[in-house]
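Summary of structural features
Chain by chain, the residues run as shown.
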Amino acid sequence: MNPTEQQCIIDLCRSILATMAHGGDAQAQLDALCRLQEQASPSSLAALMIPTHRGRGLRVLAAPSLPSRMAEGLDGLSAEAADVFGMHAADDQVPVIVADTSSDPRWLAWRDMARELGIMACWSMPIRHDNGQPWGIFALFGTQPSVPNATQLKLLDMGAVAAGLVIHRMRLMENASILDAALAATTDAVLLANPDGVIEWVNPAFTTMTGFAAEDIIGATPQILHGPLTDPEVKARIRDALRQGQSFRGEILYYRKDGSLLWNELNINPVFDARGKVQRFFGIHRDTTAMHAMREQVERMAYTDPLTALPNRHALESFLSQALLRAKQNKTQVLVGMLDVDDFKPVNDTWGHATGDALLRALASRLQAAVRETDLVARYGGDEFVVVLVDLQAFDDLPLIMQRIHAAVEQPFSMRDGVQIRVGLSMGMTQYPQDDADGEVLLRHADAALYRSKTNKAGREAWWEFWQPVALPAAADARGMNGS
Ligand SMILES: Nc1nc2c(ncn2[C@@H]2O[C@H](COP(=O)(O)OP(=O)(O)OP(=O)(O)O)[C@@H](O)[C@H]2O)c(=O)[nH]1
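Everything numeric in this text was worked out from a predicted model, so none of it was measured.

Next up on the list: the pairing of strand S10 (residues 278-287). Sheet topology note: the strand S6 (residues 189-193)/S10 ladder contains 5 bridges and is antiparallel. What sits directly across from Leu-192, in S10, is Phe-282. Taking the residues that link successive antiparallel strands as the turn, the strand S9 (residues 261-272)-S10 hairpin has 5 residues, and the phi of Gly-276 there is positive, at about 85 degrees.

Right, let's talk about the sheet that holds S9 for a bit. The strand order S7-S6-S10-S9-S8 describes an open sheet built from 5 strands, whose pairing is antiparallel. At either end of the open sheet lies a strand with only one pairing partner, and these are strand S7 (199-202) and strand S8 (248-255). The mean inter-strand angle of the sheet, taken between neighbouring strand axes irrespective of direction, is 30 degrees. Pairing of S9 with S10, which is carried by 9 bridges, proceeds in the antiparallel orientation. By the bridge assignment, Ile-268 is partnered in S10 with Gly-283. Here helix H10 (residues 289-303) sits on the sheet in contact with S8, S9 and S10, set at roughly 130 degrees to S9.

Let us now look at the site of the ligand. Residues in contact with the ligand amount to 18 residues; listed here are only the nearest, Asp-343, Lys-345, Asp-357, Lys-454 and Lys-457. Lys-345 is positioned with one of its backbone polar atoms (N or O) 2.7 Å from an oxygen atom of the ligand. For the ligand, whose unbound accessible area comes to 650 Å², protein coverage reaches 67%. For the shell around the ligand, the elements supplying multiple residues, two or more each, are strand S11 (333-342), helix H12 (345-351) and helix H13 (353-370). Per element, the largest residue contribution to the shell around the ligand is 4 residues, and it comes from H13.

What follows is about the packing of aromatic side chains. The final tally for this structure, using the stated rule, is 4 aromatic pairs. Both rings, one in Phe-85 and one in Phe-141, keep their centres 6.2 Å apart while their planes meet at 85 degrees; by these two values the pair is edge-to-face. With a gap of 56 residues between them, Phe-85 in the loop between helix H4 (79-84) and strand S3 (96-98) and Phe-141 in strand S5 (residues 134-142) connect regions that are remote in the sequence. Residue class for Phe-85 comes out buried when judged on its relative accessible area of 2%. By relative accessible area, which is 1% here, Phe-141 ends up buried. Relative to Trp-110, the ring of Trp-107 lies with its centre 6.1 Å away and its plane at 75 degrees, an arrangement referred to as edge-to-face. Trp-110 sits in the buried class, given a relative accessible area of 14%. The structure contains a cluster of three or more aromatic residues connected by ring pairs, namely Phe-85, Trp-107, Trp-110 and Phe-141.

Sheet architecture is open: 5 strands sit in the order S12-S13-S11-S16-S17, paired in mixed fashion. Looking at the sheet topology across the chains shown, the edges are occupied by strand S12 (376-381) and strand S17 (464-466). Strand-to-strand twist across the sheet, computed as the mean angle between neighbouring axes with direction ignored, equals 20 degrees. Sheet analysis places strand S16 (residues 424-432) next to S17, joined by 3 bridges and oriented parallel. Residue pairing for S17: Met-427 is matched across the bridge by Trp-464. Running at roughly 150 degrees to S16, helix H14 (residues 398-410) makes contact with S11, strand S13 (384-392), S16 and S17 of the sheet.

Rules used in this analysis
Residues numbered from 1 in each chain as written. Predicted model: local features only at pLDDT ≥ 70, side-chain atom pairs only at ≥ 80, totals over all residues. Heavy atoms only, no water. Pairing = 2+ DSSP bridges. Helix = DSSP H or I, 4+ residues; strand = E, 2+ residues; numbered from the N terminus. Axes fitted to C-alpha atoms, helices over the stretch in contact; angles between N-to-C directions. Contact = heavy atoms within 4.5 Å. Near = heavy atom within 4 Å. Polar contact = N/O pair within 3.5 Å; in protein donor to acceptor, adjacent residues only side chain to side chain. Areas by Shrake-Rupley, 256 points an atom, 1.4 Å probe, with all protein chains shown as cover. Phe/Tyr/Trp six-rings, centres within 6.5 Å; stacked < 30°, edge-to-face > 60°. Buried < 20%, exposed > 50% of the residue type's maximum accessible area, 1.4 Å probe, protein only.

The quantities given are spatial measurements derived from coordinates; they are silent on function.
Dropping the structure here:
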């Protein structure tokens, strides 16, 4: 290669590098690469062609100097043409030189078209991806039959490599913009954090979901979303998983920017670099607040009596077993009282079921007001209620508590249309640990005591009855108490 040719290569190389370094529009760069080839090989026209979407034929990607008639003629060339240009050749970067399209047998099928378009020679160089897949071809069409000299071949080779880089960048940008569009369209919030958990990027749905704009949160860590009710155990699980470069999937309670609660189904995955080191964490957040509220409501309903809104029998059983456990630990006593309204049936019969319902509701709130917050009043069914009095050190306060409970029925119930209704109350009681340690047994004892109280309703001295293994007539006096 003589000094002039060497200089020519150096000049083109510099021009290619300048074009690449300039950045900007990929199409403009490809056009510039075509023009540089044309400068190096006068009386030739350059075209960059890439496979069609289905990969069978060819379409023109850049051909700034090609008359439109020629570009249209080349656009959509068949798979066979792509082969002739060397696109699928097994060897890497081997040019295909057709010195004379009118006599070369490889151009037989396009001879007429070539003559019509004035393509008399064609030098083409395949452009390949790292994985060997063909990305396209860089072709120079001569208006006269000709073969390239060594310099021209070298320049074509360099042009093809540079075009490959630009196409690669184009593909990356296309993929990135597809990804951007998908992330912008999803209703899931997406977050990208560095290995230290510092947030680097969030999508628009993240802002919609949390109220935090990108500028509020970029540079912070997801702890900005935590609050007093965020489960520390879940936080620790996330921390541990990420520290070990593992994924995390689970539900966490976050706080929106305005302080409102946000239940989130969280899916965090590490993104590794080529050496297997965590490079980023990719988090997808799905808002489960509505689902959570619904679940809580269903759970509440399962534990709540719909008429009085008191805890139901199910809730009573779990409360009682917990209360007994605590009482065992703290060596305190628990009292279980089963209450039944006296002569409630006539209320329904006289004033109607709706009035009966209203009375039960009013009685429920009076009973609830009569006990401490830590105690429990539950509706057991019909006109029956259960009180569980916890943390009793001794039974000294019992007369007072009983008085307060009975006070619930001492004032008449004011119903619609000025109707005043009075009812009585009966109660059967049992106590932990004296009578039993099992909640179910204690409830049975209280029921049995209530039954005895009801049986003696007409002639009884007290409105309540303690459970006794054997029915002793002076049960109340034996415990040193007097009923009202
Ligand atoms: N309004 C209303 N009535 C109910 C409800 N559940 C049960 N009852 C009625 O409550 C009454 C309870 O029956 P009892 O306890 O035998 O009737 P009682 O007149 O209170 O009899 P004693 O308890 O022996 O004084 C029945 O008439 C049931 O129909 C309810 O949710 N609403």
